[in-house]
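# Architecture at a glance
The lines below spell out each chain.
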Amino acid sequence: MKRTLSLILSFAFFISSFSGVISAQAKSTSQLRSEKQKIQQQIDSAQSKLNELSAQKQKNEEYLETLRSKINLMQDKIDSLEEDKAALQAEIDAISAKITKTEQDIADAQAKIDQKQAEFDQTYQVYCQRLRAMYISGSASTLEVLLTCKDVSSMLTRAQMVKSVSQQDSAILDDLMTKMQEIEKEKKKLEEKRTELTKDKEQLESNKKELQSSIDEIDSSKSELDAEVAECNEVMRKLSSQSSEYKELIETNQAQLEQVESEIRAAIASASRGSGSISGSRGSGSGELGYPTDSRTISAGYPNYSSGGYHGGIDFPVRTGSNVYAAASGKVILVKYLNYSYGRYIIIDHGNGLSTLYAHNSEILVKQGQKVSRGQRIAKSGSTGNSTGPHCHFEVRVNGSRVNPNNYL
């Protein structure tokens, strides 16, 4: 009985704890949906402005920046949907675990009922056999049994026997009634668990439908995002062809971009350990580095484009195939041929924690591990990767972090 009570209390604690978890998750899901709704309102506002500008045939910088803003909001929406999806999946997993436990509890409860029913049937059979024997033998009344005694001693003995038999019959009957009550109690608990199981299964199906709806919305949003990115990149190319400011196209694959940056930092860190000395940058206009191209014209500066978007280096607009030079003597520590991000790019380590990066080349003329001299031709300019036109994207890094190249030229 104590073990049964312990199991019931443990199950009640599990249900209480589980309800708390579900409540907390539901609150989190509700917050996510509220954020998603706000993002959607901002997206709708941006789209309304885009429609107005498009109708006026004003696909200019304002249109481009509004489109970029919408793209950023679309990405935020997708991120929010992904979080919502993760929260729903967590709820589904928790409910599934609860269903599995409830099903096991139901099986255990049914086994317990079957055991009690078997005990009841056995006791009931014994009692019925006893009643049947008494009926067949035509058992005399208690008074008759006592009056047929020959002496007082026999009377006392028979009286004790009659009392014992009567108590035994009463005990058997009491045991039968107790077992019946226990069986009915267990059956009631079993029905409650079955009702709870049905509700959990309904909730599980509802969450699965909601999860699929979230997945469908993510797919739809990603398709819309891809279309907006394609239009944005096309507008950027058009505007870039009308000016000398070539920009990096929008790239939505964040994993790829993070991988690029990770490889760059790892190469620079490895080179710095090899050279031994790592120091900070020098002052403004130190003249430590030479220009990477024959052109001194800068179309996009550091750290922003004219439109305000982040730009981690400076751009020299030159025709495809123009010479790209090493800004200082050093060792080539990374050569990459990508069809996204920096495209075909080179990194040179100059020692003391200083390194330079040359991106979007059409052809690379050096190899990783090669030592180069200041002014040595290392590549031919181009527009590989996510670039809107031919130029040399030039970065200066100190201990792996981007700094203003103008402070070194």
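Refer to the structure printed above.
A brief look at the structure comes next.

Calculation rules
- Residues numbered from 1 in each chain as written.
- Predicted model: local features only at pLDDT ≥ 70, side-chain atom pairs only at ≥ 80, totals over all residues.
- Heavy atoms only, no water.
- Phe/Tyr/Trp six-rings, centres within 6.5 Å; stacked < 30°, edge-to-face > 60°.
- Helix = DSSP H or I, 4+ residues; strand = E, 2+ residues; numbered from the N terminus.
- Buried < 20%, exposed > 50% of the residue type's maximum accessible area, 1.4 Å probe, protein only.
- Core = buried A, V, L, I, M, F, W, Y, C linked by side-chain atoms within 4.5 Å.
- Contact = heavy atoms within 4.5 Å.
- Patch = residues over 30% accessible without salt bridge, like charges linked within 9 Å, V, L, I, M, F, W, Y side chains within 5 Å.
- Areas by Shrake-Rupley, 256 points an atom, 1.4 Å probe, with all protein chains shown as cover.
- Salt bridge = Lys/Arg side-chain N within 4 Å of Asp/Glu carboxyl O.
- Lys, Arg positive; Asp, Glu negative; His and termini not counted.
- Charge placed at Lys NZ, Arg CZ, Asp CG, Glu CD.

Taken as a whole and assessed by the stated rule, the structure comprises three aromatic pairs. Centre to centre, the rings of tyrosine 291 and phenylalanine 316 are 5.9 Å apart; their planes meet at 80 degrees, and the pair counts as edge-to-face. Taken together, the positions of tyrosine 291 in the loop between helix H5 (254-275) and strand E1 (314-316) and phenylalanine 316 in strand E1 put the pair 25 residues apart, joining distant regions of the chain. A relative accessible area of 0% means that phenylalanine 316 is categorised as buried. Between tyrosine 342 and tyrosine 345 the ring centres are 5.3 Å apart and the planes differ by 55 degrees, which places this aromatic pair in the tilted class. Neither tyrosine 342 nor tyrosine 345 differs from the other in exposure class; each is buried.

Counting residues in each nonpolar core, the largest one holds 25 residues, and the members touching the most others are Leu289, Ile346, Ile348, Tyr358, Ile378 and Phe394. When contributions to this core are tallied by element, the ones reaching two or more residues are E1, strand E3 (330-337), strand E4 (344-351), strand E5 (354-361), strand E8 (377-380) and strand E9 (392-398). Here this core gets four residues from one element, more than from any other, and that element is E9. With residues near it in sequence (within four places) discarded, leucine 289 still touches Ala327, Ala328, His350, Leu354, Thr356, Arg374, Phe394, Val396, Tyr408 and Leu409. The next biggest cluster of nonpolar side chains, apart from the first, holds 16 residues, and it includes Ile43, Leu64, Ile71 and Ile78.

Okay, a negative patch on the surface next. Together, Glu35, Asp76, Asp79 and Glu83 make up a negatively charged patch on the protein surface. When residues of the negative patch are assigned to their parent elements, the largest contribution, three residues, is made by helix H2 (residues 61-137). Here glutamate 35 lies in helix H1 (residues 2-55). Exposure remark for glutamate 35: the relative accessible area of 44% places this residue in the partly exposed category.

What follows is about the pattern of salt bridges. If charged atoms from side chains of opposite charge come close, those side chains can pair. Tallied over the full model, the rule gives 18 salt bridges. In this structure, lysine 222 and glutamate 82 form a salt bridge, with 3.8 Å as the shortest nitrogen-oxygen distance. Of this pair, lysine 222 sits in helix H4 (residues 152-241) while glutamate 82 is found in helix H2, placing the two residues 140 residues apart along the sequence. Note that arginine 397 and glutamate 395 form a salt bridge whose closest N and O atoms lie 3.0 Å from each other. Under the relative-accessibility criterion, glutamate 395 is labelled buried at 1%. Put simply, Glu261, Arg265, Glu395, Arg397 and Arg402 are held in one network by salt bridges that share partners.

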